[in-house]
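Structural overview
Here are the chains, one letter per residue:
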Amino acid sequence: MSEIPAKATGPSGPSGDATAEGVGDGMADEPGGAGAEGPAEAMADETWQSNPPGSIYDYIKVASFSIGADGLVDQWSVRAERLFGVAARDAVGKDPIEAFVPPELRAGGHRKMAEILDGREWTGVVPFRLPEGGRLDGGGTEGIAEVYVMPTETEDGERAAVCIVVDVRALRQIETDLAASQAIFGQSPFGFLLFGTDLKVQRANRRFVEVFGGGAEDQRGRTVHDYLPRHEADRMSAALKRVLETGDAVTDMQIVGPTPGGTDRRHWSINLYRVHSGSGRPIGVAGLGTDVTRRHAAAREAAHARRNLALLNEAGARIGNSLDLETTARELLDVAVPGFCDLASVDLYQGLLDGDETPPGLADGSAELRRVAFASAVADAPFPAGTGPVDVGAVHRYAFTSPCADALRTARPRLITAGDDESASRLTGGLIQSTLAVPMVAHDTVVGLAQFSRTKGSEPFGERDRALAVELAARAAVCMDNARLYRREHERALILQRSLLPPGDPEASGLDIACRYLPGNAATEVGGDWFDVIELPGHRTALVVGDVMGRGLRAAVAMGELRTAVRTLALLDLEPADVLSALDEIARGLGNPAGPQQTTRAARKAADADLSEVYLATCVYAVYDAVTRRCTFANAGHLPPVLVEPGESALMLDVPPGMPLGVGGEPFEDVEVELPEGALLALYTDGLVESRDHPLDEGLNAFVRALSDAPPALEDVCDHVLSTLDTHHGEDDIALLMARVEGLPAEHVGDWTLPRDPKSVGRARELACEQLRSWDLERLCDTAELLVSELVTNALRYGEGDIRLRLLLDRTLVCEVWDGGFVQPRRRRARDTDEGGRGLQLVGLLSAAWGSRRTPHGKTVWFELALPNGDVEPMDAAEALLSLF
């Protein structure tokens, strides 16, 4: 231990008894000798074994030296060399008082040395100073030593001494370290455990004891399995072994478990590091534990908040991208499942979907609802009988006392669990743990109900979840209500658009008609493009295609007014140029509340015109005569018609474009073109051939090429054109009107010229009856004969020049009487005493239609008779005549 010289023997102490100070003799001379065995020998083996590294002497600096009878150092140990920094050769033979004690203390030192050599023991604290060249182990040349001097005798019986020296500075440092360690260990707010090399607790601090109960001594010998659940204890044991074996520290190891006597799960952050002795030998593992339960709760709350924020951001990006109700509902569920819940559904009031703003039962939540969307993150969900979800598209209602009806009635969310009531139990039975029923409120009106459900084993809904569900439902409700309103307006716009276009498939005499309309704005499907097919007297047909500049509802309204005006003007049987001139005046009056009378150039220069109210339109108006197969065109700033003759390439007709409608001040020109049998005529709007991607000329050339390569069937021609050209740009409406010429056969036309002679009336009746018999229409002879007689008689009495009679057979029978007079016949009501004035009344009574029109050389009066179909007998002429009186 202290390297006491073996030759030093114990002198008598103050009592005169001899004391054995050496270790060489041991207990060999005791009775029994070396061969004796027993408890004493076992104790000797245990007691006298050498101390391993890591003993207390690794921390306390202890040295020894001996003083001979002459008072000089005669032995100097190795530890003394390390403690005083003086080699044995420099210390042996020197007076220790003169060599190490400061001069002012030497006198007292010599007296003590004399007493020691006189056989007295002494213990005390001695300041010392090293001789020149010496240096202490910790640095410096001065120090304080605690010295224990034991008298001895040499072999010659002379007095000597053995000195044990302890460095007081090391002792003071150990005291300081122990005090600091005790303060840190005992006063630490964190739990602290010291594990031995056997991984059993050696020491626990007060904080640890406060958490886990018991006393500090009660913790000794325990293992981590006494504190933690098995799986956590196994993790902790493995970490302790790893730290003890490798020396690698473990930081922020997360451990979860309950405290003794508690059920709450606590979270601890564990830090482990290996503890070493002064010599560097591992002596155990220190563990520092911090309760981070609140930190975990805060982190969990922060994670929930981040998740909710992410869901809201996703909802803002995904919900409402479509104006379709079902799509918007599915977008809500795509966001909610599975990020927020396991199952979800959306119900909307059926009445609101049908356009009824206040359906019955809306106030109390019992109105019919339609399931518009459902989503589930659980495959093959095992719903108990009667608890499965409502099919998408099915109409249902909630009972008045149900939680869902209460949510609809109060406009407040309801958390439905299996224990609420019987209906809730059925709703949440089996798979479902709980459901949030959230009313969907838009513009202070409940439009439906969203349900978010979590299955058993999922985290229950909390207040944050409730708030998030309300926010998701509110956002979706506004989007779906907008979609509902859009659907309503869209349906109204469709009704308006369809009312402004020809109903069904247009029919015309001598023409095969096919048409297409594509709206440029898919959101409203209304615009300013239109086409029309108007049947005119004499088996003639007016073909119209127009385009009001602008888009949307305003353009559609203007288009409707112009279309109505065109049909009205067409019935007046005006020439195409005259129709466009009148239409131009109407277009100029559309933007002026005072009417077209105030739209003269002078008035418009003086007025403060609002350009937003100026309506401009382009239009092509064509009149086709099925008898002559001639077509008269007039153009108001529109694209030219395209004609495809049989066996020829398509070409654009040279029709003077004129100015657009609404500009005014310029006349329009008529152009007459003869159309061969089987020719194809195409009228269209600029949306078909013009877009931002290519110039107009390129589009026109592509249209002409498409018509040249078109299939024979007219409907196929339309489809071929639309598929060949770029018709999906969405920049403008597209109207396409195709007509194939099928002239009236010559055998279906009877045409005669009669002189201005009273005998011509009888001749006209004869000619008409002969022609009808040749057409197998004898049933119409009596009526036709009477009406022809009336018209020819009027031509003789009020007309001029020769009389022309023409019969036309197509889908109906048309009779025309031409003369050179310009005075139009006027129907009037005859008095009972009048002898005449009943001819035109008779014509109107017996015919399907009648009328008159101007011609370049006079007028034409006509009537039309429906062809007999075998079921309906024509009105008897005699009875009709008698009914006038």
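Residues numbered from 1 in each chain as written. Predicted model: local features only at pLDDT ≥ 70, side-chain atom pairs only at ≥ 80, totals over all residues. Heavy atoms only, no water.

**Here we look at the environment of Gly743**
Worth spelling out the cut-off: Only DSSP runs of H or I covering at least 4 residues are called helices, and only runs of E covering at least 2 are called strands; the numbering of each starts at the N terminus. Accessible area is worked out with a 1.4 Å probe on protein chains only. A residue is then buried under 20% of its type maximum, exposed over 50%, and partly exposed in between. Residues are treated as being in contact if the distance between any of their heavy atoms lies within 4.5 Å.
With respect to the helices, strands and loops of the structure, Gly743 is situated in the loop between strand S26 (734-741) and strand S27 (749-754). With a relative accessible area of 15%, Gly743 lands in the buried category. Considered as a pair, Gly743 and Thr628 are 115 residues apart in the sequence and their alpha carbons are 7.5 Å apart. Not counting residues up to four positions away in its chain, the partners in contact with Gly743 are Gly510, Tyr624, Ala626, Arg629 and Glu677.

**A closer look at the environment of Tyr798**
Take Tyr798: it is sitting in helix H21 (residues 781-798). Relative accessible area serves as the criterion here: at 54%, Tyr798 is assigned to the exposed category. Separated by 23 residues in the primary sequence, Tyr798 and Gly821 have C-alpha atoms spaced 7.4 Å apart.

**A word on the packing of helix H14 (residues 463-500) against helix H15 (residues 553-571)**
Rules: Only the stretch in contact is used when fitting a helix axis, every axis being a line fitted to C-alpha atoms; angles between N-to-C directions are given from 0 to 180 degrees. With respect to orientation, any angle under 35 degrees is reported as roughly parallel, any angle over 145 as roughly antiparallel, any angle of 65 to 115 as roughly perpendicular, and every other angle as oblique. By the definition used in this description, the sense in which the near helix is turned from the far one sets the handedness, with an anticlockwise turn below a right angle giving left-handed and a clockwise turn giving right-handed. When residue character is reported, Ala, Val, Leu, Ile, Met, Phe, Trp, Tyr, Cys and Pro are called nonpolar, Asp, Glu, Lys and Arg charged, and the others, Gly included, polar.
Taken N-terminus to C-terminus, the directions of H14 and H15 make an angle of 25°; their axes are 10 Å apart at the nearest point. The angle between H14 and H15 places the two elements in the roughly parallel class. Viewed along their axes, H14 and H15 form a crossing whose handedness is left-handed. Two secondary-structure elements touch here, H14 through Leu496, Gln497, Ser499 and Leu500 and H15 through Leu553, Ala556, Met559, Gly560 and Arg563. When grouped by side-chain class, the residues that make up the contact of H14 with H15 number five nonpolar, three polar and one charged.

**Section: the pairing of S27**
Put simply, the rule is: Here, any two strands with at least 2 DSSP bridges between them count as paired.
Burial along S27 is one-sided: the residues Gly750, Trp752 and Leu754 are buried and none of Val749, Asp751 and Thr753 is. Pairing of S27 with strand S28 (residues 803-809), which is carried by six bridges, proceeds in the antiparallel orientation. Within S28, the residue paired with Thr753 across the bridge is Arg804.

**What to know about empty space enclosed by the protein**
Stated precisely, the cut-off is as follows: Cavity and pocket criteria rest on a 1 Å grid covering protein atoms alone: a 1.4 Å probe that fits but cannot get out defines a cavity, protein on both sides within 12 Å along at least 5 of 7 lines defines an open pocket, and an atom within 4 Å of a point defines a lining residue. Grid points are joined across faces, edges and corners, and a volume is the space filled by probe spheres set on the points.
Following the criterion strictly, the structure yields two cavities of 30 Å³ or more and no others. Residue lining of the second largest cavity: Leu325, Leu348, Tyr349, Leu352, Leu353, Val447, Met480, Asp481 and Arg484, and that is the complete set. Listing elements by their share of the lining of the second largest cavity, those giving two or more residues are strand S11 (343-349), helix H11 (350-353) and H14. Per-element accounting of the lining of the second largest cavity gives the leading share, three residues, to H14. Of the residues belonging to the lining of the second largest cavity, the class tally is seven nonpolar, no polar and two charged.

**Quick word on the pairing of strand S15 (residues 432-442)**
Burial within S15 is extensive, with nine of its eleven residues counted as buried. The hairpin turn running from S15 into strand S16 (residues 445-455), its antiparallel successor, is two residues long, and His443 in that turn takes a positive phi close to 55°.

**Some remarks on the nonpolar core**
Basically, it comes down to this: We call a set of buried Ala, Val, Leu, Ile, Met, Phe, Trp, Tyr and Cys residues a nonpolar core when their side-chain atoms join them within 4.5 Å.
The biggest cluster of nonpolar side chains holds 64 residues, and the ones touching the most others in it are Trp530, Leu543, Leu583, Tyr621, Phe633 and Leu737. Of the residues forming this core, the biggest block, nine residues, is contributed by H15. Setting aside residues no more than four positions away along its own chain, Leu737 makes contact with Ile513, Ala514, Cys515, Phe531, Asp532, Val533, Leu543, Val544, Val545, Leu681, Ala682 and Leu683. Core analysis: the second largest hydrophobic core is formed by 50 residues, Leu311, Leu353, Met440 and Ala483 among them.

**Some points on the confidence of the model for the protein**
In plain terms, the rule: Think of pLDDT as the predictor's per-residue confidence, scored from 0 to 100.
For the protein, the average pLDDT comes to 80, and 81% of its residues sit at 70 or higher. Below a pLDDT of 50 lies the segment residues 1-47, which in the model reaches 39 contacts outside its immediate sequence neighbourhood of four places, other chains included. Counting interchain partners and residues more than four positions distant, the pLDDT-below-50 stretch residues 601-612 has eight contacts.

**Things to note about unusual backbone geometry**
Across the junction of Val337 and Pro338, the peptide omega takes the value 0°, indicating a cis bond. Locating Pro338 in the fold gives a position in the loop between helix H10 (325-336) and S11. Backbone geometry places Asp252, a non-glycine residue, at a positive phi of 50°. Note on placement: Asp252 falls in strand S8 (residues 250-258). The residue Asp444 is not glycine, and still its phi comes out positive at about 65°.

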